[in-house]
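Okay, here's what each chain looks like letter by letter:
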Amino acid sequence: MACYNYNRQEDKFNMLNSIIKTFNQIYTAPFRRVLFFSVSISLLTTLLLWAFITKIIFNANMTSISWLEWFLDIVGGGAVFILLVLLLPTLVGLIASLMLESICRSVESVYYPHLPKAQGQTLFRGVLVGLRFTGTMIVLNIIFLPLVVMPPIYIFASWVLNGYLLSREFFELVAYRRLDKVNVDRMFKKFRFTLIGYGLVIAFISIVPVLNFIVPLFATAVMLHAFQRIQSIELV
């Protein structure tokens, strides 16, 4: 196998090309179906949770003073609603992660029709990757929470951390369709700086309101382009 010098300038061009390809495809039918289903289920789940928790709050007697009880009920219900809205993109991502195989197949049919059929992502692995990622992200972000007293450091550290986690999760999601764990780990380690660069782009989009709903779809498609680019390099 010949040695290939993968320079940073080429990295930037290929990343931009992958992003353009992804946005060009984001409004196609397969992407819209996954987005509509995941957002619909997430909204319904959020509303049901809010109604259930708010009912518990309103039925709880925290004080004998009627106006204070009313005030606490309103504040509690409002706080729960805000928290659930903030968690909505995460819930959308978790649900969408179960249906991302269709996104991979759509991207491959358009841009890589020569590829043999992938073994695909099993439901179990999809759930496992999604739960592991969500749990890891929550735990590590809690660990970084004390840095919130230093906003610039916290924002930068959180962005880098989430960029790494997102790059790892979505690379594994697309790579496991065609490679075993040993080769997936080896490939990520070898091209980690390039892949983390993609993760930083995904992390930035994830904090943009409304746009963050497409993160699972965007991340899957753009990382699949990255994976195919890396595989082509390894074959040189």
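Everything numeric here is computed off the predicted structure, so don't read it as measured data. (Residues numbered from 1 in each chain as written. Predicted model: local features only at pLDDT ≥ 70, side-chain atom pairs only at ≥ 80, totals over all residues. Heavy atoms only, no water.)

(A) Layout of the overall build of the protein chain. Secondary structure assignment for the protein chain yields nine helices and zero strands. Of all intrachain contacts in the protein chain linking residues separated by at least 6 positions in sequence, the fraction that spans at least 24 positions is 77%. Just so you have it, the protein chain exposes about 13700 Å², and 74% of that area is on carbon and sulfur atoms. (Helix = DSSP H or I, 4+ residues; strand = E, 2+ residues; numbered from the N terminus. Contact = heavy atoms within 4.5 Å. Areas by Shrake-Rupley, 256 points an atom, 1.4 Å probe, with all protein chains shown as cover.)

(B) Summary view of the pattern of salt bridges. For the coordinates displayed, the defined rule picks out seven salt bridges. Among the ionic pairs, E101 bridges to R105, the shortest N-O distance being 3.1 Å. Of this pair, E101 and R105 both sit in helix α4 (residues 101-111), four residues apart, roughly one helical turn. Its relative accessible area of 14% is what places E101 among the buried residues. Through salt bridges with shared partners, a single ionic network connects E101, R105, E108, R177 and R178. (Salt bridge = Lys/Arg side-chain N within 4 Å of Asp/Glu carboxyl O. Buried < 20%, exposed > 50% of the residue type's maximum accessible area, 1.4 Å probe, protein only.)

(C) How the structure looks around the side chain of Q228. Counting through the fold element by element, Q228 comes out in helix α9 (residues 215-234). Residues contacting Q228, with those up to four places away along its chain left out, are E108, Y112, L115 and R178.

(D) Molecular detail of the nonpolar core. F171, L195, I202, F218 and M223 are the most contacted members of the largest nonpolar core, which has 41 residues in total. For this core, the elements supplying multiple residues, two or more each, are α1 (8-25), α2 (29-59), α4, α6 (151-175), α7 (181-190), α8 (192-206) and α9. At twelve residues, the largest contribution of residues to this core is made by α9. (Core = buried A, V, L, I, M, F, W, Y, C linked by side-chain atoms within 4.5 Å.)

(E) Inspection of the packing of aromatic side chains at higher detail. Throughout the structure, instances matching the rule amount to seven aromatic pairs. For the ring pair Y111 and Y112, a centre distance of 6.5 Å and an interplane angle of 55 degrees mean the geometry is tilted. Using a relative accessible area of 27% as the deciding quantity, one classes Y111 as partly exposed. The buried category is assigned to Y112, whose relative accessible area is 13%. With 6.0 Å between their ring centres and 65 degrees between their planes, F171 and F227 make a pair best called edge-to-face. With F171 in helix α6 and F227 in helix α9, this residue pair connects regions lying 56 residues apart in the sequence. Of the two residues examined, F171 and F227, each falls in the buried class. Within the aromatic cluster, the residues linked to one another by ring pairs are Y164, F171, F188 and F227. Stacked on the ring of F188, the Lys or Arg R168 has its end atom at 4.5 Å from the ring centre. (Phe/Tyr/Trp six-rings, centres within 6.5 Å; stacked < 30°, edge-to-face > 60°. Lys NZ or Arg CZ within 6 Å of the ring centre and 35° of its normal.)

(F) Just the packing of α6 against α7, in detail. Viewed as axis vectors pointing N to C, α6 and α7 meet at an angle of 140 degrees, and their least axial separation amounts to 10 Å. The angle between α6 and α7 falls in the class oblique. Of the two elements, α6 crosses α7, and the hand of that crossing is right-handed. Contacts from Y164, S167, R168, F171, E172 and A175 in α6 reach V184, D185, M187 and F188 in α7. A breakdown of the residues in the contact of α6 with α7 according to their chemical character gives six nonpolar, one polar and three charged. (Axes fitted to C-alpha atoms, helices over the stretch in contact; angles between N-to-C directions. Parallel < 35°, antiparallel > 145°, perpendicular 65-115°, else oblique. Left-handed = near helix turned anticlockwise from the far one by under 90°. Nonpolar A, V, L, I, M, F, W, Y, C, P; charged D, E, K, R; others polar.)

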